[in-house]
Structure formats: structure tokens, C-alpha cells
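Structural overview
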Amino acid sequence: MLAQAYAFSSSYRTEEDDPLMVDYMDYSTQLSCGYEAFEVRNAAQGFGVDAFRAAMEHMLDLAQYIADLIEAAPDLELMAPVSLTAVCFRIRGATEAAHTAVLAALIEEGTALLGPARLDGRHGIRARVTNHRTTRDDIELILTRLSDIARHHREPVGGDMGDAMEVAL
């Protein structure tokens, strides 16, 4: 009943389609309601608005850093421009199953919890910077591991060894 009351769906989030992804916000009240708003007000009053602004700017900078690293990676591609803290991207030539397997491997090894994305019918991955303690080193580790896992499972499809490559997991 909680999920029925609080669940929210959007075009780019695929949690309802993926058994690995549980959106725990579907089981609680929104942060802008009741007591949570009181906590945010007290934190802003105690730490100051500038601390929140600096944390948000840091997270926005990290999201752009993710985008820059993805654009420089030959096996990754951005799916949409980055304007906030969510970065949607895909592994070039990967199927939906391959993206799911790579996400599962990152979760299983404890490196990162990234989510699936679907934009314009294309499957991909969604990274979202939500923790002010995240660093550039964290971002680099995640993208390095993601690329390593994807490359490790890259196999040629068909007889052509050229551009006809697909990530097969």
C-alpha cells in the first residue's frame, strides 16, 4: 500500500522494470512534507545557506566531470546533455541485457549503485551524484571499473571483427 501511495514514475527511470533496483522513496513520505521540512530548515539555519550552496555546486561539478570523462571514453557515450546531477550514458554497442549485467557486477562487487536508464527507446545507465562527500577519485574509480567490466565481456558478433562489436554478457 505504501508503494501505491508514494510511488512516482518518470520516462527515464526504469526501477519498476528492473528487479535489482528498488526505489525506497516509494515507501515513505516526500522530503518536502512535515517533519522532513523541519529538519531541512534546521540544517540550513545551523550550517548556513552557503554550505548547502557549496555542496550543490560540488555535486553539479562532479556530474559535469562524469560527462567529461564519458565523452573522452571510446567505449561510452552520453545519452543526453547534463544539466543537473543525473548523467545518462550508455556503453557503445551494448544490449539492454549487457547494461543490466554491468550494473549488477558493479553492485555485487560493492563499487557503485548506478541505475538503468531508457531514453528515446535506447537502454543505458544513470549515474546521479547525491552525496556531498563524493570525490573525483570516486567518479574515476566507478567509470574505470565500469569500462573494465564492459571491455572484459566484449566479444565479436558475427564474422566481422571491425565495428560490429557488441557487449555480450
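Residue positions are given per chain, counted from 1 along the sequence in the order it is written. Only residues with pLDDT of at least 70 are given local features in this predicted model, and only at 80 or more are side-chain atom pairs given and counted; all residues enter the totals for whole chains, interfaces and linings. Hydrogen atoms and water are omitted, and side-chain values are computed over all heavy atoms in the structure.

- Naming follows an unreviewed UniProt entry, where the chain appears as Amino acid decarboxylase of Streptomyces javensis.
- UniProt positions are given in the numbering used here, feature names are shortened, and annotations may be inferred rather than shown by experiment. What UniProt records for the chain under Cofactor (unreviewed entry) is the sentence "pyridoxal 5'-phosphate".

Brief notes about unusual backbone geometry
- A positive phi angle, near 50 degrees, is found at aspartate 120, a position not held by glycine.
- Runs of E in the DSSP output that reach at least two residues are strands. Runs of H or I that reach at least four are helices, and both are numbered from the N terminus. Checked against the element boundaries, aspartate 120 lands in the loop between strand 3 (115–119) and strand 4 (122–128).
- Buried residues are those whose accessible area, probed at 1.4 Å on protein chains only, stays under 20% of the maximum for their type, while exposed residues exceed 50% and partly exposed ones sit between those limits. A residue is classified by how much of its surface remains accessible, and aspartate 120, at 81% relative accessible area, is exposed.

Comments concerning the pairing of strand 3
- Taken across its 5 residues, strand 3 has 4 buried, putting it largely inside the fold.
- Two strands pair when backbone bridges link them, and strand 3 and strand 4 are joined in this way by 5 bridges, in the antiparallel orientation. Residue glycine 115 lies in a different strand from strand 4, and its bridge partner there is arginine 126.
- By definition, two strands form a pair when at least two bridges between them are found by DSSP. Connecting the antiparallel pair strand 3 and strand 4 is a turn made up of 2 residues, with aspartate 120 showing a positive phi of about 50 degrees.

Quick word on the sheet that holds strand 1 (residues 76–78)
- If you trace the 4 strands from one edge of the open sheet to the other, you get 1-2-4-3, paired in antiparallel fashion. Edge strands, defined here as strands with exactly one partner in the open sheet, are strand 1 and strand 3. Averaged over all pairs of adjacent strands, the angle between strand axes in this sheet comes to 45 degrees, irrespective of strand direction.
- Any two residues whose heavy atoms approach within 4.5 Å at even a single point are treated as in contact. Angular values range over 0 to 180 degrees, each being the angle between N-to-C directions of two axes fitted as lines to C-alpha atoms, with helices fitted over their stretch in contact. Strand contacts of helix 3 (residues 49–72): strand 1, strand 2 (86–91) and strand 4, with the helix running at about 130 degrees to strand 1, the strand carrying the most contacts.
- Sitting on the sheet, helix 4 (residues 96–109) is in contact with strand 2, strand 3 and strand 4, with an inclination near 25 degrees to strand 4.

Digging into the packing of helix 3 against helix 5 (residues 136–152)
- Direction vectors running N to C along helix 3 and helix 5 enclose 35 degrees, while the axes themselves pass 10 Å from each other. The interaxial crossing formed by helix 3 with helix 5 has right-handed handedness. Contacts between helix 3 and helix 5 involve Leu62, Tyr65, Ile66, Leu69 and Ile70 from the former and Arg136, Ile139, Glu140 and Leu143 from the latter.
- For this scheme, ten residues count as nonpolar: Ala, Val, Leu, Ile, Met, Phe, Trp, Tyr, Cys and Pro. Four count as charged, namely Asp, Glu, Lys and Arg, and the remainder, Gly too, count as polar. When its residues are assigned to classes, the contact of helix 3 with helix 5 shows 7 nonpolar, no polar and 2 charged. Crossing chirality is assigned from the near helix's rotation relative to the far helix, an anticlockwise turn below a right angle marking it left-handed and a clockwise turn marking it right-handed.

So, the environment of aspartate 138
- Checked against the element boundaries, aspartate 138 lands in helix 5.
- Counting along the chain gives 27 residues from aspartate 138 to threonine 111, while the straight-line C-alpha distance between them is 9.1 Å.

Some remarks on the packing of aromatic side chains
- Two aromatic rings, drawn from Phe, Tyr or Trp (for Trp, its six-membered ring), form a pair once their centres lie within 6.5 Å of each other, and the interplanar angle then sorts them: stacked below 30 degrees, edge-to-face above 60, tilted otherwise. Throughout the structure, instances matching the rule amount to 0 aromatic pairs.
- The ring of tyrosine 65 has arginine 136 sitting right over it, with the charged end atom 3.9 Å from the ring centre. Placement of a charge over a ring requires the Lys NZ or Arg CZ to be within 6 Å of the ring centre, with the centre-to-atom vector within 35 degrees of the ring normal.

Description of the packing of helix 4 against helix 5
- One way to put it is that helix 4 packs onto helix 5 with a least axis distance of 10 Å and a crossing angle of 125 degrees. One way to sum up the angle between helix 4 and helix 5 is to call them oblique. Relative to helix 5, helix 4 is oriented so that their crossing is right-handed. In this structure, helix 4 contributes Val102, Ala105, Leu106 and Glu109 to the contact, and helix 5 contributes Arg145, Leu146, Ile149 and Ala150. To sort the angles, those under 35 degrees are grouped as roughly parallel, those over 145 as roughly antiparallel, those from 65 to 115 as roughly perpendicular, and the leftovers as oblique.

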